[in-house]
Amino acid sequence: MAEAILGDHDQYSCSICLELLRDPVTIPCGHSYCMSCINECWNTNDQKGIYRCPQCRQTFNSKPPLNRSTVLAEIMEKLRSTESAQSLAGPGEIVCDFCSGEMIKAVKSCLECRASYCETHVQLHYNVPALKKHKLVKAAVIPVCPKHDKLLEVYCRTDQKCVCMHCLLDDHKGHDTVPSTIERNEKQIKLTDTQTKVKQTIQAKEKELQKMKMDITSHSDSAKKAVENSKKVFSELVKLIEKRSNEVIEEIKAQEKADLDQGTKLQKKLEGEITELKKREGVLEDLIQTDDNIQFLQNYKSVSSSAGSDELQSFSFQPYCSFEDVRKLICELTGRLETTWTQEISKTINKVSDLATKRPPIDIVVGDKVRVKPSVVTPTHKWGSVTHLSVGVVKKIQGDLLTVDFPEQRNWTGVVAEMEYVTGAGSGPSSLDSVIKIGDKVRVKPSVVTPTHKWGAVTHKSTGDVKKIQGDSLTVDFPEQKNWTGIVSEMEIVASVGSVDIKVGDKVRVKPSITTPKPNWGAQVTNKSEGVIKGIKFDDSLIVDFHEHANWKGILSEMEIVTNNDEFGSSSLESVIKIGDQVRVKPSVVTPTHKWGAVTHKSIGVVQKIQDESLIVDFPEHKKWTGSVSEMELVTSADIVDIKVGDKVRVKSSIITPKHNWGGHVTHKSVGVVKDIKSEDVIVDFPNHKSWKGILAEMELVNYSDADISGSS
């Protein structure tokens, strides 16, 4: 019974010493403490004449009388009697220093005696007057000074650590020190205040959470009702269509019956006339066959005149309704309904989607990443060096105004209503996920091994147009796959100059038309210099590694891509490819604009016709194949090499990154042996990478002298 009543020991513990109450007293606010604990707390209080409850912080102007609580004292005795049975110390628990034999668990430690006691041996400290003055704490390893082997009794505020009395005369001489009890009381008051604030915050957050749960449940119920209502409306619409359909079908059947009734009457009439004509034919046949001339002549007149006119009425089935016309009418109706249905449903879906964009804007707070809304043509406080692409951090908000630190301009002033919150993992204007918008050309970042929503028919080389952005997701139309779903943070914008997409890794040079680039030529860069793009920024600038000048800075619009067949002075492929040339599809083209047909990357054909961006090529596999000039490359006689199993090969120097990537140790200098060829793919054993997979069009044969030179690489 006692165990059931006293099961929760914490409610009978003193909040000062954290032990079961001894000589319990209850102060006017209702909280109970050990008599010695509350006395010591009030005696060490710096503010004389003011007495405060350590728990609720209620203040008393005079020291309340401390009378022993008889009821609580009896409860404590019962509780101790239920715990009188000694228990063995477990791993990590303190052992009584006075028990012999078994290792009995200690319940108290004396700071004066520097010893630990079980429930039995600690009773002397409660009963012997001399020992009552000792400081008892919960059983624990008593901390002592490592230098003087003395009890830690003082707190050094200068060094923020506990020290012994001897330390005051040694390392901590002259420091700001106080008794540990005073420091404990002060810090406990602060912790109690912090605990109270945390409890209040928890309560406020719990209310917030409860309201949020209710709002979410309500929103979910609302969505379910909207779904049910939509199903009901569309079901009624289907029933209406079925009803109207049945009416049309009944009308068709009614018309069919009327026409068939008319046809049946005409059919019976025509059958009657045929019967009469057959009778006349029989009479005529009999008369014609008679041998008696007199009888023939006597009956001729009556037989020939009995048939009436030889001009008989003509019969034909002419229905009032043409069911072919009905079929056409139904088809026309279906077409109109489909068009109207598609348009109206699309409008409805778009309106439902627009509801999300009309929700109240997210509250912008200090520290948020923001940018100017695309709808703002010119901010109230002007652009300065900021653009729509700039992403900055809110530094200050005052009323409707805010101060933003942009990389381009510090302490920029704007209007809160003209700004929008930037989500995603972007950390500035160089972050693509903060600037990708509908209509942009994008591709999957090279660092993404497998997109969250999988590849589908898309590859790292695929470039598509952003069709839709919703939260962190976006929909992209790639040539290989329409309506592909991806994650904004996994995509990067593909910069475009004219009709050519320039991207990191492309080989470029300064256009011949540029006399002096904006950032100047640098040490040795010229119009003939060819380099590889190392980085592209969204202010139209880029970083290029030239052989003559690493990390060269240029302007995107002043650069042009260098193809495998470019010669200096040729700014476009039209000036290189001409009728009669041998060509093939570039290895970098995953799917040609006008599709493959029977053509592959290995196919080599002859140009028959060139018109603007298009050309007609005769391939052995596909005559009069249509392609795009920019997707083709010239094939020289040196290129037409038949690679077979056992040949020594390497990746062509013109290939910046192979379609299936480099692998661990393969480089342009690596020479390997062809192990297998499957269609356009080739398997090569390199010294440092066995069974490497590549594309035939990206490989070149290596003669033995070349292999000897580069074989060590």
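Residues take numbers from 1 onward in each chain, read along the sequence in its written order. Predicted model: local features are reported for residues with pLDDT of at least 70 only, side-chain atom pairs are reported and counted for 80 or more only, and whole-chain, interface and lining totals are derived from all residues. Side-chain numbers here rest on the full set of heavy atoms in the structure, without hydrogens or water.

Brief notes about the overall build of the chain
Piece 1. Strands here mean DSSP runs of E at least two residues long; helices mean DSSP runs of H or I at least four residues long; both are numbered from the N terminus. Of the regular secondary structure elements, the chain holds 9 helices and 37 strands.
Piece 2. In this scheme, a residue with accessible area under 20% of its type's maximum is buried, one over 50% is exposed, and one in between is partly exposed, where area comes from a 1.4 Å probe on protein chains only. Buried positions account for 30% of the 713 residues belonging to the chain.
Piece 3. For the chain, the proportion of contacts with a sequence separation of at least 24, taken over those separated by at least 6, is 50%.
Piece 4. Computed by Shrake-Rupley with a 1.4 Å probe, the accessible areas treat only the displayed protein chains as cover when residues are assessed. Only carbon and sulfur atoms are counted for the fraction: they give 54% of the accessible area of the chain, which is about 45,000 Å². Only heavy atoms enter the contact rule, under which two residues are in contact if any of them lie within 4.5 Å.

What about the sheet that holds strand β36 (residues 689-695)?
Piece 1. If DSSP finds at least two bridges between two strands, the strands pair. Pairing is antiparallel across the open sheet formed by 5 strands, whose spatial order is β36-β35-β34-β33-β37. Sheet topology places β36 and β37 (699-701) at the edges, where each strand pairs with a single neighbour. Across the sheet, the mean angle from the axis of one strand to that of its neighbour is 45°, orientation sign disregarded.
Piece 2. Pairing between strand β33 (residues 648-651) and strand β34 (residues 672-678): 2 bridges, direction antiparallel. Paired with Val649 across the strands is Gly672, a residue of β34. To define axes, lines are fitted to C-alpha atoms, for helices over the stretch in contact only, and angles between the resulting N-to-C directions are given on a 0 to 180 degree scale.

Some details on the nonpolar core
Piece 1. In this structure, Cys14, Ile16, Ile27, Tyr33, Ile38 and Trp42 are the most contacted members of the largest nonpolar core, which totals 20 residues.
Piece 2. Put simply, the parts of the chain that give this core at least two residues each are β2 (32-34), α2 (35-43) and α3 (70-82).
Piece 3. Sequence-distant contacts of Ile16, defined by excluding residues within four places in its chain, comprise Tyr33, Cys37, Ile38, Cys41, Pro54 and Arg184. As used here, the term nonpolar core means buried Ala, Val, Leu, Ile, Met, Phe, Trp, Tyr and Cys residues forming a set that is joined through side-chain atoms within 4.5 Å.

Quick look at a nonpolar patch on the surface
Piece 1. A cluster of nonpolar side chains, Val248, Ile330, Leu333 and Leu337, forms an exposed patch at the surface whose accessible area comes to about 300 Å².
Piece 2. Tallying contributions element by element places helix α8 (residues 323-357) first for the nonpolar patch, with 3 residues.
Piece 3. In this structure, Ile330 sits in helix α8. Patch building starts from residues that exceed 30% relative accessible area and form no salt bridge, then joins like charges within 9 Å and nonpolar side chains (Val, Leu, Ile, Met, Phe, Trp, Tyr) within 5 Å. What makes a salt bridge here is a side-chain nitrogen of Lys or Arg within 4 Å of a carboxyl oxygen of Asp or Glu, nothing more.

Topic: α2
Piece 1. Here α2 has its buried residues at Cys37, Ile38, Cys41 and Trp42. Across the axial projection of α2, the buried residues extend over an arc of 125°, all falling on one side.
Piece 2. Of the surrounding secondary structure, the elements contacted by the buried residues of α2 are β1 (24-26), β2, β3 (51-52) and α6 (180-289). The arc in question is traced by the directions running from the helix axis to the C-beta atoms.

Looking at the pairing of strand β31 (residues 625-628)
Piece 1. Where strand β30 (residues 614-618) meets β31, 4 bridges bridge the pair, whose relative direction is antiparallel. If you follow Leu615 over to β31, its bridge partner there is Gly627.
Piece 2. Here β30 folds back onto β31, and the loop between the two strands holds 6 residues, one of which, Lys624, carries a positive phi near 50°.

Re the side chain of Thr192
Piece 1. Along the polypeptide, Thr192 turns up in helix α6.
Piece 2. Given a relative accessible area of 12%, Thr192 falls into the buried group.
Piece 3. In this structure, Thr192 is in contact with Pro54, Gln55 and Arg57, ignoring residues within four places of it in sequence.

Examining the sheet that holds strand β27 (residues 559-561)
Piece 1. Judged by pairing direction, the sheet is antiparallel, and its 5 strands sit side by side in the order β26-β25-β24-β23-β27 without closing on themselves. The sheet is open, and its two edges are formed by β26 (552-555) and β27, each paired on a single side. Averaged over neighbouring strand pairs, the angle between their axes works out to 50° when direction is ignored.
Piece 2. Note that strand β24 (residues 531-536) and strand β25 (residues 541-546) share 5 bridges and pair antiparallel. Its bridge partner lying in β25, Val532 is registered against Asp545.

Considering the side chain of Glu183
Piece 1. Along the chain, Glu183 turns up in helix α6.
Piece 2. Using a relative accessible area of 6% as the deciding quantity, one classes Glu183 as buried.
Piece 3. Whenever a nitrogen or oxygen atom comes within 3.5 Å of another N or O atom, the pair is scored as a polar contact, on the condition that within protein one atom can donate a hydrogen and the other can accept it, and that pairs from neighbouring residues in sequence are kept only if both atoms are in side chains. Here the side chain of Glu183 touches Lys187 through a polar contact of 2.2 Å, side chain to side chain.
Piece 4. Excluding residues within four positions of it along the chain, Glu183 makes contact with Tyr155, Arg157 and Val178.

Structural notes on the packing of aromatic side chains
Piece 1. Classification of ring pairs uses Phe, Tyr and Trp, with its six-membered ring standing for Trp, and accepts pairs whose centres are within 6.5 Å; under 30 degrees between planes counts as stacked, over 60 as edge-to-face, and the remaining range as tilted. As enumerated under the stated definition, the model contains 8 aromatic pairs in all.
Piece 2. Geometrically, the ring pair formed by Trp42 and Tyr51 is edge-to-face, given 5.5 Å between the ring centres and 70° between the ring planes.
Piece 3. The class for Tyr51 is buried, based on a relative accessible area of 18%.
Piece 4. Both rings, one in Phe406 and one in Trp412, keep their centres 5.5 Å apart while their planes meet at 80°; by these two values the pair is edge-to-face. Across the pair, exposure class does not vary: Phe406 and Trp412 are buried alike.

Here's the deal with α6
Piece 1. Over its 110 residues, α6 runs 153 Å from end to end, which matches the ideal 164 Å to within 8%, given 1.5 Å per residue.
Piece 2. Turning to α6, its buried residues number three or more, namely Ile182, Glu183, Thr192, Asp259, Gly263 and Leu287. Here a helix's expected span is defined as the number of its residues, less one, multiplied by 1.5 Å.

A few points about the pattern of salt bridges
Piece 1. Going through the model one piece at a time under the given rule, you end up with 25 salt bridges.
Piece 2. Between Asp170 and Lys147 there is a salt bridge, and its shortest N-O distance comes to 2.8 Å. Here Asp170 is found in the loop between β9 (161-163) and β10 (177-179), whereas its partner Lys147 is found in the loop between β7 (136-138) and β8 (154-156), with 23 residues between them in sequence.
Piece 3. Between Lys147 and Asp171 there is a salt bridge whose closest N-O contact spans 3.1 Å. Remark: Asp171 occurs in the loop between β9 and β10 and Lys147 occurs in the loop between β7 and β8; sequence separation between them is 24 residues.
Piece 4. A cluster of three or more residues bridged by salt bridges with shared partners is formed by Arg157, Glu183, Glu186 and Lys187.

Things to note about the pairing of β25
Piece 1. Most of β25 sits out of view: 5 of its 6 residues are buried.
Piece 2. Between β25 and β26, which pair antiparallel in sequence order, lie 5 residues; one of them, Asn551, sits at a positive phi of approximately 55°.

Focus on the environment of Val370
Piece 1. With respect to the secondary-structure elements, Val370 resides in strand β11 (residues 369-372).
Piece 2. Taking the C-alpha atoms as reference, Val370 lies 5.7 Å from Val391; in sequence the two are 21 residues apart.
Piece 3. Among residues more than four places away in sequence, those in contact with Val370 are Ile364, Ser390, Val391, Gly392, Val394, Val404, Phe406, Met419, Glu420, Tyr421 and Val422.

Some points on the confidence of the model for the chain
Piece 1. Confidence in the prediction for the chain averages 80 pLDDT; 86% of positions are at 70 or higher.
Piece 2. Per-residue confidence from the predictor is reported as pLDDT, a score between 0 and 100. Mean pLDDT across the elements of the chain ranges from a minimum in helix α1 (residues 2-5), with 44, to a maximum in β8, with 93.
Piece 3. The low-confidence segment residues 1-7 (pLDDT under 50) makes 7 contacts with residues lying over four places distant or belonging to another chain.
Piece 4. Taken as a whole, residues 424-434 scores under 50 in pLDDT and shows 26 contacts with residues more than four places along the chain or in a different chain.

Overview of the environment of Phe323
Piece 1. Relative to the assigned elements, Phe323 resides in helix α8.
Piece 2. Using a relative accessible area of 34% as the deciding quantity, one classes Phe323 as partly exposed.
Piece 3. Those residues in contact with Phe323, other than ones at most four positions away along the chain, are Ile252, Gln255 and Glu256.

Digging into unusual backbone geometry
Piece 1. Here Lys382, not a glycine, exhibits a phi torsion of approximately 70°, which is positive.
Piece 2. The topology assignment puts Lys382 in the loop between β11 and β12 (392-398).
Piece 3. Residue Lys382 is classed as exposed on the basis of its relative accessible area of 54%.
Piece 4. The phi dihedral of Lys624 is positive, around 50°, even though this residue is not glycine.
Piece 5. Tracing the backbone through its elements, the reader meets Lys624 in the loop between β30 and β31.
Piece 6. Assessed through its relative accessible area of 64%, Lys624 is described here as exposed.

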